[in-house]
Each structure stands twice: as C-alpha cells, then as structure tokens.
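# Geometric and topological summary
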Amino acid sequence: MRLMLLGPPGVGKGTQAKLLANAHGVPHISTGDILRGEVREGTELGRRAKDHMDRGALVPDDLILAMFESRLDRADTRAGFIADGFPRTIPQAEAFDKMLARRGLKLDAVVTIEAPLEELVRRSAGRRVCRQCGAPYNVYYQPPKTEGVCDVCGGPLYQRDDDHEETVRRRQEVYRAETAPLIAHYEAQHLVRPVDGSQPVEAVTAAIQKVLAR
Ligand code: AP5
C-alpha cells in the first residue's frame, strides 16, 4: 500500500498514519518527524530547517526532496508506505510524481482530511508528545493518566515549539496558500479520497478504511 495523507496541521494525519502503518505493516514516513529528529541531533539539515519550522514556514523544497528520496530508498518501503506531511508544495508533488515513476511505482490513494479551523487550532495547541517514545497526547481530547507523564513509557511530555497559538495560525495560512492546491493536482490523477476529520479518532480511522476499501 502506497498512501498519502493530506490535510491541514492538527487534523490528525500523524495519528491516523501511525494506526494505518501498524494495521498494514508499512512504515509511516513523516517529514515533520524526520526534521524534528535532525534538529534534536543538531545535524546540518536540522540547523537549516529549524528557523523555518519555528516560524511556521515550510522548509525549502530542495532540502525536503533529498531527505524524502533517501528515506523512500530504504528497504522497509518495499511493501509500501504512508506518507504524512509530504509533498507539501506543487514543486514537491511534481518531483514526487517523477521519483515514483523512476522506480515504476504508483500511489494507491491520497486521503484528504479536513476539519474546521478553530478545531484545528485547539488540537494543535493542546498537543503534547512524549520526549522518549513519541506517543501523542492532547490535554483536551486524550490527556495522560498523570499530567506531564507518558502512559506508555513514563517519559516526560513536551509541547512542540511550533504548537504555540500564533505559530499554529501561521501554519494554517501556509497550508491554505501552499499545500491545499495539491488536492487539485491529485484530483487530476483520480487519487483523492476525502474524509471528515472532525469526528473522534476511531471514527476517522473507520472512514479512512471505508474509502480505501472502495
Ligand atoms: P509536521 O510535523 O508535518 O506538522 P503538520 O503537518 O503541521 O501536522 P501536525 O503534526 O501539526 O498535525 P497532524 O495532522 O499530524 O495531527 P496529529 O495527528 O499530530 O510539520 C512540521 C513542520 O515541519 C512544518 O510546519 C514545516 O516547517 C516542516 N515540514 C514538514 N514537512 C515538510 C515538507 N514536506 N515541506 C516543507 N516543510 C515541511 O494531531 C494533532 C493533535 O490532535 C494531537 O494532540 C492528537 O492527539 C489530536 N487529534 C488527532 N486526531 C484527533 C481527533 N480526531 N479528535 C480529537 N483530537 C485529535
């Protein structure tokens, strides 16, 4: 299965991608997670990406394309992948089309997920992540049993640098301007499968399974 999840920040792409990746035994490729790893490790890529990420802007296409292509070429993608947060601009989408074509591969579907703006802002501002194992929480929707502590591994929870309200709103604007036009790009390829992301997590998962089974 080669799937792409496309939607605004906070709509639940990462949450659903993890569930789908486990269910289908394919890797979840999140460009945001890879970039945050590079920042944490203090690599040259992380250093160049950090300022863009902290401002809620996109990281330049050339850096993202090289990073994604090298991830795509790892052996674990042979059975497929769930792409989350990539591509995010028309030049990235066009380069991705060529990347797949060079390898004789095709996407099975592009699942587009949407929810109302204020719900997206609330979800992002309420997000907390385990620093140790990456498990996601939300102070409004999915709080941990003990405040600030991961239920899974006991690690400390933190708030992402780009999840403060002003940056969250900026990221929403960037999505509408630069990423939403990708829906038309993939509609032209008859790949788009829309899903209502305003429902609870389990209902969104069921809706995705339903559109994929069609
Ligand atoms: P990235 O990490 O990809 O962030 P994003 O796309 O902005 O998406 P989010 O992670 O904020 O949201 P999500 O849709 O995954 O929602 P989630 O499941 O976490 O990118 C970060 C930055 O990296 C970018 O701004 C950019 O700078 C850079 N970058 C990354 N890729 C790039 C690219 N290709 N090109 C250029 N730059 C790039 O859920 C959010 C919260 O809501 C969680 O707390 C969750 O528990 C909760 N939640 C999820 N679903 C539900 C539900 N149904 N009901 C209630 N709560 C829910």
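Residues numbered from 1 in each chain as written. Predicted model: local features only at pLDDT ≥ 70, side-chain atom pairs only at ≥ 80, totals over all residues. Heavy atoms only, no water.

Below, the discussion takes up the site of the ligand. Near the ligand there are 33 residues, and of these Thr15, Thr31, Ala57, Arg127 and Arg171 occur at the shortest range. The side chain of Arg88 places a nitrogen or oxygen atom 2.8 Å from an oxygen atom of the ligand. Between an oxygen atom of the ligand and a side-chain N or O atom of Arg171, the distance comes to 2.6 Å. When the ligand is considered free in solution it has 1000 Å² of accessible area, and contact with the protein chains removes 96% of it. (Near = heavy atom within 4 Å. Polar contact = N/O pair within 3.5 Å; in protein donor to acceptor, adjacent residues only side chain to side chain. Areas by Shrake-Rupley, 256 points an atom, 1.4 Å probe, with all protein chains shown as cover.)

Let us look at the environment of Lys13. Its place among the elements puts Lys13 in helix H1 (residues 13-24). Once residues lying within four places of it in the same chain are set aside, the contact partners of Lys13 are Leu5, Leu6, Gly7, Pro8, Asp84 and Gly85. Of the polar contacts made by the side chain of Lys13, one reaches the backbone oxygen of Gly7; its length is 3.1 Å. In this structure the side chain of Lys13 is engaged in a polar contact, spanning 3.1 Å, whose partner is the backbone oxygen of Pro8. (Helix = DSSP H or I, 4+ residues; strand = E, 2+ residues; numbered from the N terminus. Contact = heavy atoms within 4.5 Å.)

Here helix H2 (residues 31-41) crosses helix H3 (residues 44-55) at 115 degrees, and the two axes come no closer than 8 Å. Of the two elements, H2 crosses H3, and the hand of that crossing is left-handed. Of the residues in H3, those touching H2 at Gly32, Leu35, Arg36, Glu38 and Val39 are Leu45, Gly46, Ala49, Lys50 and Met53. Tallied by class, the residues present in the contact of H2 with H3 amount to 5 nonpolar, 2 polar and 3 charged. (Axes fitted to C-alpha atoms, helices over the stretch in contact; angles between N-to-C directions. Left-handed = near helix turned anticlockwise from the far one by under 90°. Nonpolar A, V, L, I, M, F, W, Y, C, P; charged D, E, K, R; others polar.)

Below, the discussion takes up the packing of H2 against helix H4 (residues 61-72). Relative orientation and spacing of two packed helices are given, respectively, by the angle between their axes and the distance between those axes. Packing of H2 against H4 leaves a shortest axis separation of 11 Å and a crossing angle of 105 degrees. In terms of orientation, H2 lies roughly perpendicular with respect to H4. Contacts between H2 and H4 involve Thr31, Ile34 and Leu35 from the first element and Ile64, Met67, Phe68 and Arg71 from the second. Taken together, the residues of the contact of H2 with H4 break down into 5 nonpolar, 1 polar and 1 charged. (Parallel < 35°, antiparallel > 145°, perpendicular 65-115°, else oblique.)

Right, let's get into the packing of aromatic side chains. Enumeration over the complete set of coordinates arrives at 4 aromatic pairs. The interplanar angle of 15 degrees and the centroid separation of 3.9 Å between the aromatic rings of Phe68 and Phe86 together place this pair among those described as stacked. Of this pair, Phe68 sits in helix H4 while Phe86 is found in the loop between strand S3 (81-84) and helix H5 (90-102), placing the two residues 18 residues apart along the sequence. As far as burial versus exposure is concerned, Phe68 and Phe86 are alike and both buried. (Phe/Tyr/Trp six-rings, centres within 6.5 Å; stacked < 30°, edge-to-face > 60°. Buried < 20%, exposed > 50% of the residue type's maximum accessible area, 1.4 Å probe, protein only.)

All buried positions along H3 are accounted for by Leu45, Gly46, Ala49 and Met53. The buried side chains of H3 occupy one side of the element, clustering within an arc of 80 degrees when seen end-on. Buried residues along H3 sit in contact with H2 and H4. In the segment just after H3, Gly56 is the residue with positive phi, at about 80 degrees. (Arc of directions from axis to C-beta.)

Further remarks concern the pattern of salt bridges. Per the counting criterion, the structure on display carries 18 salt bridges. In this structure, Glu118 engages Arg169 in a salt bridge whose closest nitrogen and oxygen atoms are separated by 3.0 Å. Here Glu118, found in helix H6 (residues 117-126), pairs with Arg169, found in helix H7 (residues 165-179); they are 51 residues apart in sequence, far enough to count as distant. The class of Glu118 is partly exposed, set by a relative accessible area of 48%. For the salt bridge of Arg123 with Glu119, the shortest nitrogen-to-oxygen distance reads 2.8 Å. Placement of both Arg123 and Glu119 in helix H6 is noted, with a separation of 4 residues, approximately one turn of the helix. Look at Arg123 and you get buried, because its relative accessible area is 14%. Connected through shared salt-bridge partners, Arg127, Arg160, Asp162, Asp163 and Arg171 make up one network. (Salt bridge = Lys/Arg side-chain N within 4 Å of Asp/Glu carboxyl O.)

Another aspect to go through is H4. For H4, spanning 12 residues, the distance from its first C-alpha to its last is 16 Å, which sits close to the expected 16 Å at 1.5 Å a residue. Among the residues making up H4, those that are buried are Leu63, Ile64, Leu65, Met67, Phe68, Arg71 and Leu72. Close packing links the buried residues of H4 with strand S2 (28-30), H2, H3, S3 and H5. (Expected span 1.5 Å × (residues − 1).)

So far we have only geometry, and geometry alone does not tell us how the molecule works.
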